[in-house]
Amino acid sequence: MDESKIKGISVIKLNQISDLKGSVLHMIKSSSPEFKNFGECYLSEINYNFIKGWKLHSKQTQNISVPLGIIKMVLYDNRKDSTTHKNLLEIILGRPDNYFRVTIPPGVIYSFKCLSKPNALLVNCTDIEHDPAESFIISLNENNIPFTWDNHHN
(Lines give C-alpha, C1' and ligand atoms only; values in the text may rest on other atoms or scores of the structure.)
Protein backbone atom coordinates (compact mmCIF):
# COMPACT_ATOMS: atom_id res chain seq x y z
CA MET A 1 0.00 0.00 0.00
CA ASP A 2 1.31 3.43 -0.92
CA GLU A 3 -0.34 6.16 1.13
CA SER A 4 1.79 8.73 -0.73
CA LYS A 5 -0.68 8.27 -3.62
CA ILE A 6 -2.84 10.81 -1.77
CA LYS A 7 -1.21 13.82 -0.12
CA GLY A 8 -1.96 14.08 3.61
CA ILE A 9 -3.05 10.46 4.07
CA SER A 10 -1.09 8.57 6.69
CA VAL A 11 -1.35 4.87 7.42
CA ILE A 12 0.25 3.93 10.75
CA LYS A 13 0.67 0.37 12.03
CA LEU A 14 -0.90 0.24 15.50
CA ASN A 15 0.31 -1.58 18.58
CA GLN A 16 -1.56 -4.70 19.72
CA ILE A 17 -0.70 -6.10 23.13
CA SER A 18 -1.97 -9.67 23.22
CA ASP A 19 -2.94 -11.40 26.43
CA LEU A 20 -4.83 -14.62 27.21
CA LYS A 21 -7.57 -12.48 28.81
CA GLY A 22 -7.89 -10.23 25.73
CA SER A 23 -5.86 -7.69 23.78
CA VAL A 24 -5.12 -4.02 24.34
CA LEU A 25 -5.37 -2.13 21.05
CA HIS A 26 -3.78 1.29 20.72
CA MET A 27 -5.53 3.80 18.44
CA ILE A 28 -4.22 7.38 18.82
CA LYS A 29 -2.41 9.47 21.44
CA SER A 30 -2.21 13.24 21.85
CA SER A 31 1.53 12.84 21.11
CA SER A 32 0.82 11.16 17.73
CA PRO A 33 2.00 13.42 14.85
CA GLU A 34 -1.42 13.03 13.16
CA PHE A 35 -3.33 14.19 16.26
CA LYS A 36 -4.57 17.77 15.87
CA ASN A 37 -7.34 18.18 18.39
CA PHE A 38 -10.09 16.14 20.01
CA GLY A 39 -13.52 16.68 18.51
CA GLU A 40 -15.28 13.38 19.08
CA CYS A 41 -14.72 9.63 19.01
CA TYR A 42 -17.35 7.21 17.77
CA LEU A 43 -17.81 3.60 16.68
CA SER A 44 -19.48 2.63 13.42
CA GLU A 45 -20.72 -0.91 12.80
CA ILE A 46 -20.70 -2.16 9.21
CA ASN A 47 -22.64 -5.30 8.35
CA TYR A 48 -21.12 -7.96 6.10
CA ASN A 49 -21.02 -7.02 2.41
CA PHE A 50 -22.54 -3.57 3.02
CA ILE A 51 -20.93 -0.28 2.04
CA LYS A 52 -20.88 3.07 3.81
CA GLY A 53 -20.02 6.24 1.97
CA TRP A 54 -19.00 8.01 -0.13
CA LYS A 55 -18.34 10.62 2.56
CA LEU A 56 -16.64 14.01 2.25
CA HIS A 57 -15.67 16.43 5.01
CA SER A 58 -14.69 20.01 4.20
CA LYS A 59 -13.11 20.74 7.63
CA GLN A 60 -12.96 17.57 9.71
CA THR A 61 -9.93 15.22 9.85
CA GLN A 62 -10.70 11.51 10.38
CA ASN A 63 -8.50 9.04 12.32
CA ILE A 64 -9.93 5.60 11.59
CA SER A 65 -9.01 2.09 12.74
CA VAL A 66 -10.83 -1.26 12.66
CA PRO A 67 -10.43 -3.27 15.91
CA LEU A 68 -13.02 -5.93 14.95
CA GLY A 69 -13.58 -7.46 11.53
CA ILE A 70 -12.12 -6.52 8.14
CA ILE A 71 -13.04 -3.70 5.79
CA LYS A 72 -11.89 -2.44 2.43
CA MET A 73 -11.51 1.35 2.41
CA VAL A 74 -11.27 3.39 -0.77
CA LEU A 75 -10.05 7.00 -0.73
CA TYR A 76 -10.27 9.55 -3.54
CA ASP A 77 -8.48 12.91 -3.56
CA ASN A 78 -11.13 15.48 -4.49
CA ARG A 79 -8.97 18.54 -3.62
CA LYS A 80 -8.43 20.61 -6.77
CA ASP A 81 -5.29 22.28 -5.33
CA SER A 82 -3.69 18.96 -4.28
CA THR A 83 -0.66 17.51 -6.08
CA THR A 84 -2.45 14.14 -5.89
CA HIS A 85 -5.83 15.42 -7.16
CA LYS A 86 -7.95 12.58 -8.63
CA ASN A 87 -5.71 9.84 -7.18
CA LEU A 88 -7.32 6.74 -5.67
CA LEU A 89 -6.09 4.55 -2.80
CA GLU A 90 -7.46 1.19 -1.64
CA ILE A 91 -6.63 -0.16 1.85
CA ILE A 92 -7.61 -3.31 3.75
CA LEU A 93 -8.07 -2.60 7.47
CA GLY A 94 -8.62 -5.00 10.37
CA ARG A 95 -6.94 -7.35 12.80
CA PRO A 96 -4.64 -9.06 13.18
CA ASP A 97 -2.51 -8.24 10.13
CA ASN A 98 -3.90 -4.88 9.04
CA TYR A 99 -4.44 -3.04 12.30
CA PHE A 100 -3.62 0.48 11.12
CA ARG A 101 -4.82 4.00 11.79
CA VAL A 102 -5.70 5.88 8.62
CA THR A 103 -5.68 9.67 8.88
CA ILE A 104 -7.90 11.32 6.27
CA PRO A 105 -7.60 15.08 5.75
CA PRO A 106 -10.54 17.30 4.71
CA GLY A 107 -11.37 17.12 1.01
CA VAL A 108 -10.54 13.43 0.59
CA ILE A 109 -13.62 11.32 -0.19
CA TYR A 110 -13.84 7.88 1.39
CA SER A 111 -16.04 4.80 1.45
CA PHE A 112 -15.71 1.35 2.97
CA LYS A 113 -17.15 -2.14 2.66
CA CYS A 114 -17.29 -4.87 5.29
CA LEU A 115 -15.50 -8.04 4.16
CA SER A 116 -15.94 -10.08 7.36
CA LYS A 117 -18.89 -11.99 8.79
CA PRO A 118 -21.02 -11.04 10.60
CA ASN A 119 -19.75 -7.43 10.68
CA ALA A 120 -16.88 -5.05 11.39
CA LEU A 121 -16.45 -2.25 13.90
CA LEU A 122 -14.70 0.97 12.92
CA VAL A 123 -13.41 3.58 15.40
CA ASN A 124 -13.13 7.21 14.29
CA CYS A 125 -11.44 9.90 16.39
CA THR A 126 -12.00 13.27 14.73
CA ASP A 127 -10.48 16.70 15.31
CA ILE A 128 -13.80 18.57 15.44
CA GLU A 129 -17.31 17.54 16.45
CA HIS A 130 -19.71 16.41 13.73
CA ASP A 131 -21.18 19.37 11.85
CA PRO A 132 -23.77 18.59 9.16
CA ALA A 133 -22.79 21.82 7.36
CA GLU A 134 -19.30 20.44 6.55
CA SER A 135 -20.19 16.79 6.02
CA PHE A 136 -21.46 15.49 2.68
CA ILE A 137 -22.75 12.07 1.59
CA ILE A 138 -22.11 11.28 -2.07
CA SER A 139 -23.92 8.57 -4.04
CA LEU A 140 -22.05 5.28 -4.52
CA ASN A 141 -22.81 5.71 -8.22
CA GLU A 142 -21.02 9.07 -8.48
CA ASN A 143 -19.54 9.25 -11.98
CA ASN A 144 -16.62 11.52 -11.01
CA ILE A 145 -15.08 8.92 -8.67
CA PRO A 146 -13.11 6.33 -10.71
CA PHE A 147 -14.13 3.34 -8.59
CA THR A 148 -17.12 0.99 -8.67
CA TRP A 149 -18.06 -1.23 -5.77
CA ASP A 150 -18.89 -4.77 -6.93
CA ASN A 151 -22.27 -6.19 -5.89
CA HIS A 152 -22.86 -3.34 -3.51
CA HIS A 153 -25.55 -2.90 -0.89
CA ASN A 154 -26.17 0.67 0.16
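Conventions we followed
- Residues numbered from 1 in each chain as written.
- Predicted model: local features only at pLDDT ≥ 70, side-chain atom pairs only at ≥ 80, totals over all residues.
- Heavy atoms only, no water.
- Pairing = 2+ DSSP bridges.
- Helix = DSSP H or I, 4+ residues; strand = E, 2+ residues; numbered from the N terminus.
- Axes fitted to C-alpha atoms, helices over the stretch in contact; angles between N-to-C directions.
- Phe/Tyr/Trp six-rings, centres within 6.5 Å; stacked < 30°, edge-to-face > 60°.
- Buried < 20%, exposed > 50% of the residue type's maximum accessible area, 1.4 Å probe, protein only.
- Salt bridge = Lys/Arg side-chain N within 4 Å of Asp/Glu carboxyl O.

Chemist: Could you give me a rundown of the sheet that holds strand β7 (residues 70-77), with the residues and numbers involved?
Modeler: Where strands meet in a sheet, backbone hydrogen bonds hold them as pairs that are either parallel or antiparallel. With antiparallel pairing, five strands are arranged side by side in an open sheet as β8-β7-β10-β5-β12. Each edge of the sheet is formed by a strand with only one pairing partner; in this case those strands are β8 (88-94) and β12 (135-137). Between one strand and the next, the sheet's axes are offset by a mean angle of 25°, whatever the strand orientation. Bridge count between strand β5 (residues 51-57) and strand β10 (residues 108-114): four bridges; the pairing is antiparallel. The residue of β10 that forms the bridge with I51 is K113.

Chemist: A description of the environment of T83 should follow, citing residues and the corresponding values.
Modeler: Within the element layout of this structure, T83 appears in the loop between β7 and β8. For the pair formed by T83 and I6, sequence separation is 77 residues and the distance between their alpha carbons is 8.3 Å.

Chemist: Any details on the packing of aromatic side chains? Residues and values, ideally.
Modeler: Counting across every chain of the model gives three aromatic pairs. An angle of 90° between the planes, with centres 6.3 Å apart, marks the rings of W54 and F147 as edge-to-face. Of this pair, W54 sits in strand β5 while F147 sits in the segment after β12; the two residues are 93 residues apart in sequence, bridging distant segments of the chain. For the pair formed by W54 and F147, the shared burial category is buried.

Chemist: Describe the pairing of β10, naming the residues involved and giving the relevant values.
Modeler: Counting buried residues along β10, seven of its seven residues qualify, which places the element largely inside the surrounding structure. Burial along β10 is two-sided: V108, Y110, F112 and C114 facing one way and I109, S111 and K113 facing the other are all buried. Two elements, β7 and β10, share seven bridges in a ladder whose sense is antiparallel. Residue pairing in the sheet places I71 in a bridge with C114 of β10.

Chemist: Give a detailed account of the pattern of salt bridges, specifying residues and quantitative values.
Modeler: A complete count under the given rule lists three salt bridges for this structure. Put simply, R101 and E34 hold a salt bridge, and the shortest N to O gap is 2.6 Å. One end of the pair, R101, is in strand β9 (residues 100-104); the other, E34, is in the loop between β3 (24-25) and β4 (40-47), with 67 residues separating them in the sequence. Residue classification places E34 among the buried residues on the basis of a relative accessible area of 16%. E90 serves as the salt-bridge partner of K72, at 2.8 Å between the closest nitrogen and oxygen. Of this pair, K72 sits in strand β7 while E90 sits in strand β8, and the two are 18 residues apart along the sequence. For E90, a relative accessible area of 40% corresponds to the partly exposed category.

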